Amino acid sequence: MRRTILILLTLGLSLALWAQIENGNITGRVTDPTGAVVVGAQVTVTQTAMNFETVTVTNEEGLYRALNLRPGPYRITITAPGFKKLVRDGIDLRIGQTLAVNLVLEVGTLTESIEVRAQAQLLESETSATGATLRGDYFYSLPNYQKHPQAVLFFTPGVTFASNAFTGSMSGLQVNGLGHGTLGVFEDGAIGTMGARGAGFINETIANSIEDIKVITTALPA
């Protein structure tokens, strides 16, 4: 079973908000070939690994939003009267991401369809939060003593550590000047910190079972 891990500054945040931050969002604008927005288009966002669908429609500005999505591979299908059906495949939503996927519909009938497959990783341009995101296989290949997941902090900009910092806990670590007591950890949406001061993980995850690991080091997105 592949797992996702999120480490972030808590600063008194509620557990419900932490869980929302671990999930991701897909948003964008739907237009026609002239650049005019398409209002009322049906947008189906499908998590292809689980075949789970989120259905929404574009608003008066042509915008759609699919919120609180689990990380994984996605496909977007858009239908609207007077336009060909558009299928955008190969979208990779990573932990805590908000991806902007803007799409253009071609004039035609719904019996006609166009399929587009993403060729490159989409940039996350919809959030002000900063930090680092690592693929599990890449993280596992790094020189990481005993392969503790929280050792991702040693590879994250803005993190400093005392000489006695140990990868088996988060003591001795500071993120942008704040101590380890301000850190929170989530693993597959469940809280994973030990005790009130966030000294380490409740359970040590097997490093080669991690799919994504993300650290948020500044103010969280709205």
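Conventions used here
- All residue numbers here refer to positions counted from 1 along the written sequence of the relevant chain.
- Two thresholds apply to this predicted model, a pLDDT of at least 70 for residue-level local features and 80 or more for giving and counting side-chain atom pairs, whereas whole-chain, interface and lining totals are computed over all residues.
- Processing note: side-chain calculations cover all non-hydrogen atoms of the structure and skip hydrogens and water entirely.
- Paired strands are those between which DSSP finds at least two bridges.
- Labels follow the DSSP assignment, with helices taken as runs of H or I lasting at least four residues and strands as runs of E lasting at least two, numbered in each case from the N terminus.
- All axes are obtained by fitting lines to C-alpha atoms, using only the stretch in contact for helices, and the reported angles, taken between N-to-C directions, cover 0 to 180 degrees.
- By nonpolar core we mean a set of buried residues, namely Ala, Val, Leu, Ile, Met, Phe, Trp, Tyr and Cys, connected to one another through side-chain atoms within 4.5 Å.
- Throughout, exposure labels follow a simple rule: accessible area from a 1.4 Å probe, protein chains only, divided by the maximum for the residue type, with under 20% read as buried, over 50% as exposed, and the rest as partly exposed.
- By definition in these notes, contact holds between two residues if any of their heavy atoms fall within 4.5 Å.

**Some remarks on the sheet that holds strand 6 (residues 72-79)**
Then comes step 1: Strand order in the open sheet made by the five strands is 4-3-6-7-10, with mixed pairing throughout. A single partner strand is all that each edge strand has here, and the edge strands are strand 4 (52-57) and strand 10 (113-117). Taking the axes of each pair of neighbouring strands and ignoring which way they run, one obtains an average angle of 20° across the sheet.

**Focus on the nonpolar core**
Then comes step 1: Within the largest apolar cluster, 21 residues are counted, with the highest numbers of intra-cluster contacts made by Ile26, Val45, Tyr64, Ile76, Ile78, Val101 and Leu105.
Then comes step 2: Of all the secondary structure elements, the ones that give two or more residues to this core are strand 2 (24-31), strand 3 (42-47), strand 5 (63-69), strand 6 and strand 7 (85-93).
Then comes step 3: Non-local contacts of Tyr64, meaning those with residues more than four positions away in its chain, are made with Ile26, Thr27, Gly28, Arg29, Val30, Val43, Thr56, Val57, Thr58, Ile76, Val101 and Leu103.

**Comments concerning the pairing of strand 2**
Then comes step 1: Buried residues dominate strand 2, accounting for six of its eight residues.
Then comes step 2: Looking at chain direction, strand 2 and strand 5 are connected through five bridges and run antiparallel. In the strand pairing of strand 5, Gly28 is matched with Tyr64.
Then comes step 3: Note that strand 2 and strand 8 (residues 98-100) share three bridges and pair parallel. Across the sheet, Ile26 pairs through a bridge with Leu99, a residue of strand 8.
Then comes step 4: Both strand 2 and strand 9 (residues 103-104) contribute to a ladder of two bridges, which runs parallel. Along strand 9, the bridge assignment pairs Thr31 with Val104.

Purely geometric numbers; function is a separate question.
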